[in-house]
Each structure stands twice: as structure tokens, then as C-alpha cells.
Amino acid sequence: QVQLVGSGGGLVQPGGSLRLSCAASGIIFRINTMNWYRQAPGKEREFVAGITRSGTTGYADSVKGRFTISRDNAKDTVYLQMNSLKPEDTAVYYCNALNYGATIPYWGQGAQVTVSS
């Protein structure tokens, strides 16, 4: 089993920055990919960014150039640095972790990010 604990959400003005963190615990040696998703009110959950254990990253087009995902394997933690935030980035952000060879990820609790003036 894997437990994920996220932190770092909040209220920020347009153009501002926030950093989300998600720490994994439990049977973590099997984790390959860690991802961030988000869900805005009335919308489906969508992929934001992902990173493999070896450091390969991927981003949704809507956040490329503004968000950066990183990972500290020694701390079993994934980060999402969000810059140049826009009101449309407002959502609940979730991290997940996927073991090697698995298709069903573990999910952390969500963190509310609100971008508003």
C-alpha cells in the first residue's frame, strides 16, 4: 500500500506562484510514475503533469512553460511549482502514484488552489 499526503494549496492572485508537495509513504520502492491532476468545479479531473522515477516529465498543454514538476526520490516527494497562475488554474489538485506495471494509481487527498484577485 502507498499513502500520499499533499500540501501547499491556497489563495493567490493572478500572476502569482504556489508550490504543491506530495509525500509518499508505505511500499514506495515500487512507485514509478507520480502525477498531478486537477478538477475544477463542474469539470472532469484532468492530467496536469507527471514524472517517472528516472525523471522523465510530461505536461498538459495548458500548463507548459508555467508549471514545473520535480521529484526527490530520497524524500519520496513530488512537487509542482506553479508560476504565472491564471484564474482558470483554480481547481482541487490531486497527486497520484503508479507502481511499475500497475494500471490503478494511488491517490492523495486534494489541495484547493484558488487564483483570484
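Summary of the structure given here. (Residues numbered from 1 in each chain as written. Predicted model: local features only at pLDDT ≥ 70, side-chain atom pairs only at ≥ 80, totals over all residues. Heavy atoms only, no water.)

**Quick word on the packing of aromatic side chains**
Between two aromatic rings, the relevant description is the distance of the centres plus the angle of the planes.
Then step 1. Applying the stated criterion to the full structure yields 3 aromatic pairs.
Then step 2. With a centroid separation of 5.6 Å and an interplanar angle of 80 degrees, the aromatic rings of Y37 and F47 are classed as edge-to-face. On the criterion of sequence distance, the pair formed by Y37 in strand β4 (residues 31–39) and F47 in strand β5 (residues 46–51) is long-range, its members being 10 residues apart.
Then step 3. Where Y94 meets W107, the ring centres are 6.4 Å apart and the plane angle is 85 degrees; that geometry is what we call edge-to-face. One end of the pair, Y94, is in strand β9 (residues 91–99); the other, W107, is in strand β10 (residues 106–107), and 13 residues separate them in sequence.
Then step 4. Assessed through its relative accessible area of 17%, Y94 is described here as buried.
Then step 5. By the ring-pair criterion, three or more aromatic residues cluster together here, those being Y37, F47, Y94 and W107. (Phe/Tyr/Trp six-rings, centres within 6.5 Å; stacked < 30°, edge-to-face > 60°. Helix = DSSP H or I, 4+ residues; strand = E, 2+ residues; numbered from the N terminus. Buried < 20%, exposed > 50% of the residue type's maximum accessible area, 1.4 Å probe, protein only.)

**Quick word on the environment of W107**
Then step 1. Assessed through its relative accessible area of 38%, W107 is described here as partly exposed.
Then step 2. Residues W107 and S117, 10 residues apart in the sequence, show an inter-C-alpha distance of 30 Å.
Then step 3. The contacts of W107, once residues within four sequence positions are left out, are L4, Y37, R45, Y94, C95 and N96. (Contact = heavy atoms within 4.5 Å.)

**Observations concerning the side chain of D89**
Then step 1. Along the chain, the position of D89 falls in the loop between β8 (77–82) and β9.
Then step 2. Its relative accessible area of 1% is what places D89 among the buried residues.
Then step 3. At 2.9 Å, the side chain of D89 and the side chain of R38 are in polar contact.
Then step 4. With residues up to four places along the chain from it excluded, the contact list for D89 reads R38, R66, F67, S84, V113 and V115. (Polar contact = N/O pair within 3.5 Å; in protein donor to acceptor, adjacent residues only side chain to side chain.)

**Remarks on the state of the cysteines**
Then step 1. A full pass over the atoms with the stated rule returns 1 disulfide.
Then step 2. Bridging C22 to C95, the disulfide has an S-S length of 1.9 Å. Linking C22 and C95, the disulfide has an S-S dihedral of approximately 50 degrees and is accordingly described as right-handed. Of this pair, C22 sits in strand β3 (residues 18–26) while C95 sits in strand β9, placing them 73 residues apart in sequence.
Then step 3. C22 sits in the buried class, given a relative accessible area of 0%.
Then step 4. The exposure class of C95 is buried, given its relative accessible area of 1%. (Disulfide = S-S within 2.5 Å.)

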